[in-house]
Amino acid sequence: GGRFRFLVNGVEIMAKGIKKIKWAGEDAHSVITNMSIANKLVTIHGDKLAYFKVGEWFPGTTEADKKKNVTWMWLNKESDIIIRQKTLAHNFIYGVRVKKKFCGPYTYNLDASITGAPSGLKEIGLKFRGYCQASIVSSAWSISHGGDDARKTYVFSYGHIINLHLDTEGINGDLVTIEIYNLQTGTDRKIDSYPKIPVVDGQINLEIKNTSTWRAKLRFTTEEEKFYIKVIANGKYV
């Protein structure tokens, strides 16, 4: 990475190391240019590789320094956790692939240095995110958090706590609304709504504690009712 200029015994020392990294421009079909911001944010199609390289060096960098190995770091949004790290020869490009479950509005940071440690300078790196169609991949209604799907083996009663788990694609980092519907003859009835539920690492986990209120919201009841959900992200049903 690079360091700011500083003085030693009154003499200015030139900053050295990587000043800026950039998209290498290869595999152009992997990057969505109209959803990217030049030199700031790169939006990548889910499950496709985008490549990056050193774009600029600080003026004080020697030719020997430029031939040192470069350590590339995939950081979280806050840049305080290294998710993935790889050291490559100076003339190698670095590829990033965002799985579809991690695609969405959540942005990651890409950093690189010749010291093997994060640069600590945001202006050196780039933000990136993945993009794909929003979808629900799988769902589970369980008795306890992280438990097995109990829909085929257990009959819930009003007042029971239900743990809803959803695996998603394309909405990582979003806040979604979960709507509960009752299956009825004719028009199904929406009986509850849970707004601002976070999507973390492509997963939605919601503990529903107020099922005791559902019965009173039904148009009519039978011995056994059936319910389902709808998910709203960015103003649209997923």
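Please refer to the structure placed before this passage.
Model, not experiment: these values are computed from the prediction.

What counts, and where the lines are drawn
Residues numbered from 1 in each chain as written. Predicted model: local features only at pLDDT ≥ 70, side-chain atom pairs only at ≥ 80, totals over all residues. Heavy atoms only, no water. Buried < 20%, exposed > 50% of the residue type's maximum accessible area, 1.4 Å probe, protein only. Helix = DSSP H or I, 4+ residues; strand = E, 2+ residues; numbered from the N terminus. Pairing = 2+ DSSP bridges. Lys, Arg positive; Asp, Glu negative; His and termini not counted. Salt bridge = Lys/Arg side-chain N within 4 Å of Asp/Glu carboxyl O. Polar contact = N/O pair within 3.5 Å; in protein donor to acceptor, adjacent residues only side chain to side chain. Core = buried A, V, L, I, M, F, W, Y, C linked by side-chain atoms within 4.5 Å. 1 Å grid on protein atoms, 1.4 Å probe; cavity = no way out; pocket = protein on both sides within 12 Å on 5 of 7 lines; lining within 4 Å. Points joined across faces, edges and corners; volume = space filled by probe spheres on them. Nonpolar A, V, L, I, M, F, W, Y, C, P; charged D, E, K, R; others polar.

Draft legend 1. View of the pairing of strand 13 (residues 175-182). In terms of burial, strand 13 is a largely internal element, seven of the eight residues being buried. Judged from the seven bridges that link them, strand 13 and strand 14 (residues 189-198) form a sheet pairing that is antiparallel. Residue pairing for strand 14: Leu 175 is matched across the bridge by Pro 198. Connecting strand 13 to the next strand, strand 14, in antiparallel fashion are six residues, including Gly 186 with a positive phi near 90 degrees. Sheet topology note: the strand 13/strand 16 (residues 227-233) ladder contains six bridges and is antiparallel. Paired with Thr 177 across the bridge in strand 16 is Ile 232.

Draft legend 2. Structural detail: the side chain of Arg 129. Along the chain, the position of Arg 129 falls in strand 10 (residues 126-131). Put simply, Arg 129 is tucked away with no salt bridge, and the nearest opposite charge, on Asp 174, sits 8.7 Å away. For Arg 129, the side chain forms a polar contact with the main-chain oxygen of Gly 104, separated by 3.1 Å.

Draft legend 3. How the structure looks around the pattern of salt bridges. Tallying each qualifying case throughout the model produces eight salt bridges. With its nearest N and O atoms 3.0 Å apart, the salt bridge here joins Lys 68 to Asp 65. Given a relative accessible area of 39%, Lys 68 falls into the partly exposed group. The exposure class of Asp 65 is buried, given its relative accessible area of 5%. In this structure, the salt-bridge partner of Lys 217 is Asp 192, at a minimum N-O distance of 3.4 Å. Of this pair, Lys 217 sits in the loop between strand 15 (203-208) and strand 16 while Asp 192 sits in strand 14, placing them 25 residues apart in sequence. On the accessibility criterion, Asp 192 (13% relative accessible area) is buried. Among the charged side chains, a network of salt bridges with common partners joins Lys 16, Asp 65 and Lys 68.

Draft legend 4. Here's a closer look at unusual backbone geometry. The phi dihedral of Asn 39 falls on the positive side, at around 65 degrees, and the residue is not glycine. Tracing the sequence through the fold places Asn 39 in the loop between strand 3 (18-23) and strand 4 (41-45).

Draft legend 5. Region of interest: the nonpolar core. Residues Ile 18, Phe 52, Trp 72, Val 96, Leu 110 and Phe 128 are the most contacted members of the largest nonpolar core, which totals 27 residues. Mapped onto this core, the elements with two or more residues apiece are strand 3, strand 4, strand 5 (49-57), strand 6 (70-75), strand 8 (94-97), strand 9 (108-113) and strand 10. One finds Trp 141, Ile 171, Ile 178 and Ile 204 within the second-largest nonpolar core, a separate group that totals 19 residues.

Draft legend 6. Spotlight on the layout of surface pockets. Quantified by volume, the largest pocket comes out at close to 580 Å³. Contributing to the lining of the largest pocket are 18 residues, with Tyr 154, Phe 156, Glu 225, Lys 226 and Phe 227 lying nearest its centre. Computed from the structure, the second largest pocket encloses a volume of approximately 320 Å³. Along its surface, the second largest pocket is lined by 17 residues, and Tyr 131, Ala 134, Gly 170, Ile 171 and Asn 234 are the ones closest to its centre. If you list the elements that add at least two residues to the lining of the second largest pocket, you get strand 10 and strand 17 (236-237). By residue number, the principal contributor to the lining of the second largest pocket is strand 10, which donates three residues. Looking at the lining of the second largest pocket, its residues break down into nine nonpolar, five polar and three charged.

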